[in-house]
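Residue-level structure breakdown
Okay, here's what each chain looks like letter by letter:
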Amino acid sequence: MKTFNSFITHLGRVVLIFLLVFIWVRYYEPNLSLCLVYTSILTFASDCLLSMFLQKRDIKTTLKKQEITDAENFANLFVLNGNAFANNFWHKTISQKHTATKKTYYTSFEKNSEKVAIYSHYTLEKLRPSDVLSIYNKLKKEKIDKIIICTNEVEPQSKTFISHLPCKMVILDKYEAYEKLMKKYNSFPEVETKINLNETSKWKSFLAFSLNRGRVKGYVFSSIILIISSFFVRASVYYLVISTILLCLAIFSFTNTYYNKKIPEEII
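Given the structure is predicted, the values throughout are model-derived calculations rather than measurements. (Residues numbered from 1 in each chain as written. Predicted model: local features only at pLDDT ≥ 70, side-chain atom pairs only at ≥ 80, totals over all residues. Heavy atoms only, no water.)

1. Focus on the nonpolar core
Stated precisely, the cut-off is as follows: Note on terminology: a nonpolar core comprises buried Ala, Val, Leu, Ile, Met, Phe, Trp, Tyr and Cys residues joined through side-chain atoms within 4.5 Å. Any residue under 20% of the maximum accessible area for its type is buried, any over 50% is exposed, and the rest in between are partly exposed; the area is computed with a 1.4 Å probe on protein chains only. Secondary structure elements are taken from DSSP: a helix is a run of H or I of four residues or more, a strand is a run of E of two residues or more, and numbering for both begins at the N terminus.
The biggest cluster of nonpolar side chains holds 24 residues, and the ones touching the most others in it are Phe78, Trp90, Ile118, Tyr122, Cys150 and Met182. At the level of secondary structure, the elements contributing two or more residues to this core comprise α3 (65-81), α4 (83-94), β3 (114-121), β4 (146-151) and α7 (174-185). Core analysis: the second largest hydrophobic core is formed by 18 residues, Ile17, Cys35, Leu50 and Val216 among them.

Okay, here's the thing in structure tokens:
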């Protein structure tokens, strides 16, 4: 069901992008066949770029402002105190629900007949593919089925590189580790933080209403009406501009995670 919902969400996004690109390509290209070819190519390229952007920003935008600050402070705490300190925390956290074994830089436990290891790698530098390979080589003799690397920041190539290794691997940056491990286990490092509870402004409430996924149908319907109208009036370009704005609002409302809460993927 989760895979099906993801497919439907992605399909809806592609349709919106296709419609947005089509209205402008059609405006400049009268040949319908060429118009569809150009639109398909541009839609594919646009969707790939948007997917990369959403993947990078997805977790961070689901966190509240204070939670983002906390996640950064906790990661800085681990960097300053070393990976052994971070590993102690993860061992304490995992031990709440599993029988965990602590090594120098990682904690292992079993779940669903799999041996899982949480490896701490907190440094000032971003996690590189070479770091991932080094971690894999350290743990492959331990017969680990799944490796979860908790780190500060990650180079994009590293998350692609793990798919080439003969072992299940997951990389969690400071925001993902906070969202999917700390919050799940309700376990946080002991560090003093200030929590500011600010009342939601009217402007934020307006954005929350306007950019929610529930507004997508209205934006798309209005856009289609304007597109149809553009074929019957002289100043059609103005209709296309307004239609473009509405479709952009629809795409953002459909894809943003800030105003559309998403259940995080279960890691352990």
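2. Side note on a nonpolar patch on the surface
Threshold: Patch definition: residues with relative accessible area over 30% and no salt bridge; like charges joined within 9 Å; nonpolar side chains (Val, Leu, Ile, Met, Phe, Trp, Tyr) joined within 5 Å. All accessibility values rest on the Shrake-Rupley procedure with a 1.4 Å probe; residue burial counts only the protein chains present in the view. Any Lys or Arg side-chain nitrogen found within 4 Å of a carboxyl oxygen on Asp or Glu counts as a salt bridge.
There is a patch of nonpolar side chains on the surface, built from Phe7, Ile8, Leu11 and Val15 and spanning about 360 Å² of accessible area. Within the secondary structure, Phe7 sits in helix α1 (residues 2-28).

3. Topic: α3
Stated precisely, the cut-off is as follows: In this scheme, a helix's expected span is set at 1.5 Å multiplied by one less than its residue total.
The end-to-end C-alpha separation of α3 is 25 Å, in line with the 24 Å expected for 17 residues at 1.5 Å each. Looking only at α3, the buried set comprises Gln66, Glu67, Ile68, Asp70, Ala71, Phe74, Ala75, Leu77, Phe78 and Val79. Of the residues flanking the end of α3, it is Gly82, one or two places downstream, whose phi is positive at about 95 degrees.

4. Some words on the sheet that holds strand β1 (residues 101-102)
Stated formally: Only when DSSP finds a minimum of two bridges between them are two strands counted as paired. Contacts: residue pairs with any heavy atoms within 4.5 Å of one another. Axis definition: a line fitted to C-alpha atoms, over the contacting stretch in the case of helices. Angles run 0 to 180 degrees between N-to-C directions.
The five strands are arranged β1-β2-β3-β4-β5 in an open sheet whose pairing can be described as mixed. The sheet terminates laterally at β1 and β5 (168-172), the two strands that pair on one side only. Note: β1 against strand β2 (residues 106-111), two bridges, orientation antiparallel. Looking across to β2, one finds that Thr101 is bridged to Ser108. Strands β2, β3, β4 and β5 of the sheet are contacted by helix α5 (residues 129-139), whose axis makes an angle of about 135 degrees with β3.

5. Quick word on the packing of aromatic side chains
Keep this limit in mind: Any two rings among Phe, Tyr and Trp, with Trp reduced to its six-membered ring, count as a pair given centres within 6.5 Å; such a pair is stacked if its planes are under 30 degrees apart, edge-to-face if over 60, and tilted if neither. Two conditions define a charge located above a ring, namely a distance within 6 Å from the ring centre to NZ of Lys or CZ of Arg, and an angle within 35 degrees of the ring normal.
Under the criterion given, the structure shown has nine aromatic pairs. A centroid spacing of 5.6 Å and a plane angle of 40 degrees characterise the contact between Phe78 and Phe89, whose relative ring orientation is tilted. Highlighted residues: Phe78 in helix α3 and Phe89 in helix α4, separated in sequence by eleven residues. The same class applies to Phe78 as to Phe89, namely buried. Of note, Lys97 hangs over the ring of Tyr185, and the distance from its end group to the ring centre comes to 4.9 Å.

Nothing here speaks to function; it is geometry throughout.
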